[in-house]
Amino acid sequence: MKYLNKLLLFIPLVWVLIGCQQSETEKQPDNQTEAPQQPVVVNENDESASTVSAPSEDEKSDQPLSIDEFNDAIYEVVQDSIQDAVENAVEDEVAKEEQQQ
Amino acid sequence: MKKILITFLMLSGSWVIQAEDEIKIKITTDLPYLDVRHNGQIVRIMRTQDPEHRLTNSYAKTSRPCPPFCVHPIKLTDKVQTVGVLELLNFLDNQVKKGKGALIDARLPQWYEKGTIPGSVNIPFPILTAGTENPHTSRILKLLGGNKSKDGGWNFEKARELMLFCNGLWCGQSTRAIKALIKIGYPENKLFWYRGGMQDWQLLGLTTVIP
């Protein structure tokens, strides 16, 4: 019985630890391709330490977007095109009315 | 002591298995569901678990006037692959998840807003048929991985693979989008067509999301 009590205490603890580990894993972004915005110092103590520059705009554009970034960017274009279409339609209607008057 | 331990482990294991077994209507024997990202959230694609479920929405309708709602052939072109539900799920789980592909709902926004396939992105076909001189079309092509060369042409060597769909095999919105992409120069071997569209998807009771 002594061991059973210890076991019953130990197993829920393991379950909780596994659960925490899984939730931490789920929090990780799907695509960790975001480039550092600031220069990164490789080794502060080394006199010959070099500095790695943040990627240029061109380099950034070559990097694949994450799923969410891609979807957001597409959504933005679609919304802009809808907005343009609405504005054009309104302008057409106004022009028609002006012609009729 | 050993017996207690074994019994406990068996019970724990069966609890996990039971959760999977609760899905009685699976997609395939080995695939009960698929989790995908949609609008920044994880959405589970699975079939409706009610065996009495019937469609009552617009996809229950069998007959629409042709033209314009005519039945499309199984193959759009020689190189564009026509796919079904399982190929679409595989595409979501691989190409889309790895950022190498995009599942495109080519319908107009008013259709898209009624419900779409989780993991898809809406690019209404008129944006693609507008031509490369249109600034919105140009932005979309760049996001898909196209590169505009100095002579004004487009290079799609590094472009994503695209799978397009619309309402069903009587719907012309995705076919118009695919034909427009081919005209622009998008490689046909990077284009896939889910011909069954939303009607096929909903006939299987698969999850839809309202954006």
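About the criteria used
Residues numbered from 1 in each chain as written. Chains lettered and ligands numbered in written order. Predicted model: local features only at pLDDT ≥ 70, side-chain atom pairs only at ≥ 80, totals over all residues. Axes fitted to C-alpha atoms, helices over the stretch in contact; angles between N-to-C directions. Helix = DSSP H or I, 4+ residues; strand = E, 2+ residues; numbered from the N terminus. Parallel < 35°, antiparallel > 145°, perpendicular 65-115°, else oblique. Contact = placed C-beta atoms within 7 Å. Nonpolar A, V, L, I, M, F, W, Y, C, P; charged D, E, K, R; others polar. Core = buried A, V, L, I, M, F, W, Y, C linked by C-beta atoms within 7 Å. Buried ≥ 20, exposed ≤ 12 C-beta atoms within 10 Å, placed from the backbone. Expected span 1.5 Å × (residues − 1). Arc of directions from axis to C-beta. pLDDT = per-residue confidence, 0-100. Pairing = 2+ DSSP bridges.

Before going further, it helps to examine the packing of helix H3 (residues 67–100) of chain A against helix H5 (residues 135–143) of chain B. In a packed pair of helices, the relevant descriptors are the angle between the two axes and the axis-to-axis distance. Between H3 of chain A and H5 of chain B, the least distance of the axes is 10 Å, while the angle of their chain directions is 170°. The angle between H3 of chain A and H5 of chain B falls in the class roughly antiparallel. Between H3 of chain A, through Phe70, Ala73, Ile74, Val77, Asp80 and Ser81 of chain A, and H5 of chain B, the contact on the second element is made entirely by His136, Arg139, Ile140 and Leu143 of chain B. Grouping the amino acids of the contact of H3 of chain A with H5 of chain B by side-chain chemistry returns 6 nonpolar, 2 polar and 2 charged.

Take the environment of Val77 of chain A next. The residue Val77 of chain A is located in helix H3 in this model. Residues Val77 of chain A and Pro64 of chain A, spaced 13 residues apart in sequence, show a C-alpha to C-alpha distance of 18 Å. Every residue in contact with Val77 of chain A, bar those within four places of it in the chain, is listed here: His136, Arg139 and Ile140 of chain B.

Okay, the nonpolar core next. Residue and element names in this part refer to chain B. Within the largest apolar cluster, 45 residues are counted, with the highest numbers of intra-cluster contacts made by Leu103, Ile104, Ile123, Met163 and Leu164. Ranked by residues supplied to this core, first place goes to helix H2 (residues 85–96) with 5 residues. Setting aside chain neighbours within four positions, we find Ile104 in contact with Ser120, Val121, Ile123, Leu162, Met163 and Leu164.

All names here are of chain B. With 12 residues, helix H6 (residues 173–184) ought to run about 16 Å at 1.5 Å a step, and its terminal C-alpha atoms sit 17 Å apart, in line with that. Listed as buried for H6 are Gln173, Ser174, Ala177, Ile178, Ala180 and Leu181. Along H6, the residues classed as buried sweep out an arc of 160° about the axis, all on the same side. Residues of H6 that are buried in the fold lie against helix H4 (125–129), strand S8 (161–165), strand S9 (191–194) and helix H7 (197–203). Backbone geometry just after H6 places Gly185 at a positive phi near 115°.

Another aspect to go through is the confidence of the model for chain B. Caution applies to low-pLDDT regions: their predicted coordinates should not be interpreted in detail. With 90% of its residues at a pLDDT of at least 70, chain B reaches an overall mean of 92. The ipTM for the predicted assembly is 0.85, set against a pTM of 0.74.

A word on unusual backbone geometry. Residue and element names in this part refer to chain B. At the junction of Cys66 and Pro67, the peptide bond is cis and its omega measures out at -5° in the coordinates. Assignment of secondary structure puts Pro67 in the loop between strand S2 (41–45) and strand S3 (81–83). In this structure, Asn39 is a non-glycine residue whose phi angle is positive, near 50°. Positionally, Asn39 belongs in the loop between strand S1 (34–38) and S2.

All names here are of chain B. In space, the 5 strands of this open sheet follow the order S3-S9-S8-S4-S5, with parallel pairing throughout. In this open sheet, the two strands that pair with only one neighbour each are S3 and strand S5 (120–122). Recorded for the sheet is a direction-independent mean angle of 35° between the axes of neighbouring strands. Pairing between strand S4 (residues 101–105) and S5: 3 bridges, direction parallel. Its bridge partner being in S5, Ile104 is matched across the sheet by Val121.

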